[in-house]
Amino acid sequence: MDMDPSGSGGWRFAQCFGDKGDVEDITEADIISTVEFDSTGNYLATGDKGGRVVLFERNESKKSCEYKFYTEFQSHEPEFDYLKSLEIEEKINKIKWCKRQNTAHLLLTTNDKTIKLWKVFEKSLRVVSETNHYEGPRPLPPPSLRDHLKLPRMMFQENIIAALPRKVYSNAHAYHIHSISVNSDQETFISADDLRVNLWNLGISNQSFNIVDIKPVNMEELTEVITAAEFHPQQCNVFMYSSSKSNIKLADMRDSALCDRHAKCTSSTESCFEEEEDPTTRSFFSEIISSISDVKFSHDGRYILSRDYLSLKIWDINMESKPVKTIPIHDHLRGKLCDLYENDCIFDKFECVWGGDDKHVLTGSYHNFFRIFDVDSPNDVVLQADKSAFKAKKIGGPLPNKNGLKNGRPGGLREAMQSETLDFNKKILHASWHPRENTIAIAATNNLFLYSAA
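Helix and strand counts for the protein come out as 4 helices and 32 strands. The buried share of the protein, reckoned over its 454 residues, is 50%. Intrachain contacts of the protein at a sequence separation of at least 6 include 54% that bridge at least 24 residues. Of the roughly 22,300 Å² of accessible surface on the protein, a fraction of 49% belongs to carbon and sulfur atoms.

Okay, structure coming up:
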């Protein structure tokens, strides 16, 4: 794939799902809160703030990588915790697919408190077509002789997609669940909240094991929280979790039952493998902007991608002292940190994604901009998940922007991304990359955008 910085790197807008209306008309429940391809890339799932899960399947009738609606179901409902007088939102925080064992799909969904394992499958509806009283819609006289009695006959009516909750994993987290990750053994998964990581067996919903607990005895001594957690893609005993203190801890479950004493700590600011912070750059906002919002293993398990507010970092798991590459994302916002603190945008949690070939990484920004970086070179592409792209495709014109230049050119989107007129209400927080092709799914408020590259 050509990642030419003078153009769009071969990326083009492919599809847009969702309401195409103005941002002001958006219903809060329709805002997409997570997006995830399955391991084959043939299916795509989104979750929203209304507790709904929408699945899309690959449209095999199209040559290009296009998707069509598959099914939708209500995963979570709003609840109320009467003991704590606390409302529990229905918002879907994460969706993770399990590998298919048969024709049915299995996926984990979670809100703040409850994880559910859903089975999604196709089943045929059959109806009674013939009885002793009716033949189709036509009524029959009651049978007068025993020999005239006949067994009712069933007739196929239609195929439907059904979604059933197979397991409900609840009452294990005192704080809000922000991460779930399925193990490579496809038998267990972890769930993480601000202070704990729990290990579950997919087949057992009433018992979990606490494998990380950073809660202090006195909550006034709390200095950090867990921000993300993920299993290693190949080694079923290894997982990692990141913290608000800008460190990533790699843990091995074979070492001990409680993995608080991490196996390795890849940290740029603190803990055992420490890279001193430059005191000249320290400010009131340093701790907030250095908090890691997302971590992802590369597909081969060799590298770790982390995202904080201002940058992306790529770590080699064999070198804990410093990242092998640091990519600035929001350097142009350093002078606006006070404003971003006032409007709470400084607390936005941007996700990061590896490309299917581990040679590219993706993350989002404001004004619906997102960027794709080449891991081995300084090349990058700036794109915008904007409704003008949908309109342009509809009429067959070029992708417009304010400067009238092609989507991705340095004088166009790259410059616009650093302008003073950024809309901080439009932000790309969630994205997913097709595991085998250069196709990406971008959640932009209540729209799902798909982009493809040759």
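For the rest of this paragraph, the subject is the confidence of the model for the protein. Summary statistics for the protein give a mean pLDDT of 84 and a share of 85% for residues scoring 70 or more. Low pLDDT, under 50, characterises residues 267-275; the stretch is placed with 27 contacts to residues that sit more than four places away or in other chains.

Attention shifts here to the packing of aromatic side chains. Across all of its chains, the model carries 21 aromatic pairs by this definition. Aromatic pair tyrosine 169 and phenylalanine 189: ring centres 5.0 Å apart, planes at 75 degrees, arrangement edge-to-face. Taken as a pair, tyrosine 169 in strand 13 (residues 153-169) and phenylalanine 189 in strand 15 (residues 188-192) lie far apart in primary sequence, 20 residues in all. Residue classification places tyrosine 169 among the buried residues on the basis of a relative accessible area of 1%.

In this structure the tally under the stated criterion is 16 salt bridges. Glutamate 28 is paired through a salt bridge with lysine 49; the nearest N and O atoms lie 3.2 Å apart. Taken as a pair, glutamate 28 in the loop between strand 1 (11-17) and strand 2 (32-37) and lysine 49 in the loop between strand 3 (43-48) and strand 4 (52-58) lie far apart in primary sequence, 21 residues in all. Since its relative accessible area comes to 28%, lysine 49 is described here as partly exposed. For aspartate 331, the salt bridge is made with arginine 334, and the minimal N-O distance between the two is 3.3 Å.

Time to look at the environment of tryptophan 200. Structurally, the position occupied by tryptophan 200 is in strand 16 (residues 196-201). Once the C-alpha coordinates of tryptophan 200 and isoleucine 190 are considered, the two residues, 10 residues apart in sequence, prove to be 6.1 Å apart. Filtering out sequence-adjacent residues up to four positions away, tryptophan 200 remains in contact with Ile115, Tyr169, Ser170, Ala172, Glu187, Thr188, Phe189, Ser191, Ser205, Gln207 and Ser208. Within polar-contact distance, the side chain of tryptophan 200 engages the side chain of serine 191 at 2.8 Å.

With that settled, the discussion passes to the sheet that holds strand 17 (residues 204-213). Read across the open sheet, the 4 strands follow the order 14-15-16-17; overall the sheet is antiparallel. In the strand order of this sheet, the two ends are held by strand 14 (179-182) and strand 17, each with one partner. Adjacent strand axes in the sheet meet at a mean angle of 25 degrees when their direction is disregarded. Inspection of the sheet shows strand 16 paired to strand 17 by 6 bridges, in the antiparallel sense. Bridge pairing in strand 17 places asparagine 201 opposite isoleucine 204.

Further remarks concern the nonpolar core. Trp11, Leu362, Phe370, Ile440, Ile442 and Tyr451 are the most contacted members of the largest nonpolar core, which totals 19 residues. Among the nonpolar cores identified, the runner-up in size contains 16 residues, and Phe285, Ile289, Phe350 and Tyr366 belong to it.

Taken in spatial order, the 4 strands line up as 26-27-28-29 in an open sheet, and their pairing is antiparallel. The outermost strands of the open sheet, each flanked by one partner alone, are strand 26 (352-354) and strand 29 (380-384). When the angles between neighbouring strand axes are averaged without regard to direction, this sheet yields 20 degrees. Bridge count for strand 27 (residues 360-364) against strand 28 (residues 369-374) is 5 bridges, and the pairing is antiparallel. In the strand pairing of strand 28, threonine 363 is matched with arginine 371.

Thresholds applied
The numbering scheme is per chain: residues are counted from 1 as the chain's sequence reads. pLDDT decides what is reported in this predicted model: residues at 70 or higher carry local features, side-chain atom pairs at 80 or more are listed and counted, and totals for whole chains, interfaces and linings draw on all residues regardless. The basis for every side-chain value is the complete set of heavy atoms in the structure, and neither hydrogens nor water enter the calculation. For the purposes of this entry, the term helix denotes a DSSP run of H or I that reaches at least four residues, the term strand denotes a run of E that reaches at least two, and both are numbered from the N terminus. When a residue's accessible area, from a 1.4 Å probe over protein chains only, is under 20% of the maximum for its type it is buried; when over 50% it is exposed; and in between it is partly exposed. By definition in these notes, contact holds between two residues if any of their heavy atoms fall within 4.5 Å. Computed by Shrake-Rupley with a 1.4 Å probe, the accessible areas treat only the displayed protein chains as cover when residues are assessed. Known as pLDDT, the predictor's confidence for each residue is given on a scale from 0 to 100. Stacked, tilted and edge-to-face are the three classes assigned to paired rings of Phe, Tyr and Trp, where Trp is represented by its six-membered ring and a pair needs centres within 6.5 Å; plane angles under 30 degrees give stacked, over 60 edge-to-face, the rest tilted. A side-chain nitrogen of Lys or Arg and a carboxyl oxygen of Asp or Glu constitute a salt bridge if their distance falls within 4 Å. Polar contact is the term for a pair of N or O atoms within 3.5 Å; when the atoms are in protein, one must be able to donate a hydrogen and the other to accept it, and sequence-neighboring residues count only if both atoms are side-chain atoms. Strand pairing follows a simple DSSP-based rule, namely that at least 2 bridges must link the two strands. For helices, the axis comes from a line fit to the C-alpha atoms of the stretch in contact; other axes are also lines fit to C-alpha atoms, and the angle between any two N-to-C directions lies between 0 and 180 degrees. Nine residue types can take part in a nonpolar core, namely buried Ala, Val, Leu, Ile, Met, Phe, Trp, Tyr and Cys, and a core is a set of them joined through side-chain atoms within 4.5 Å.

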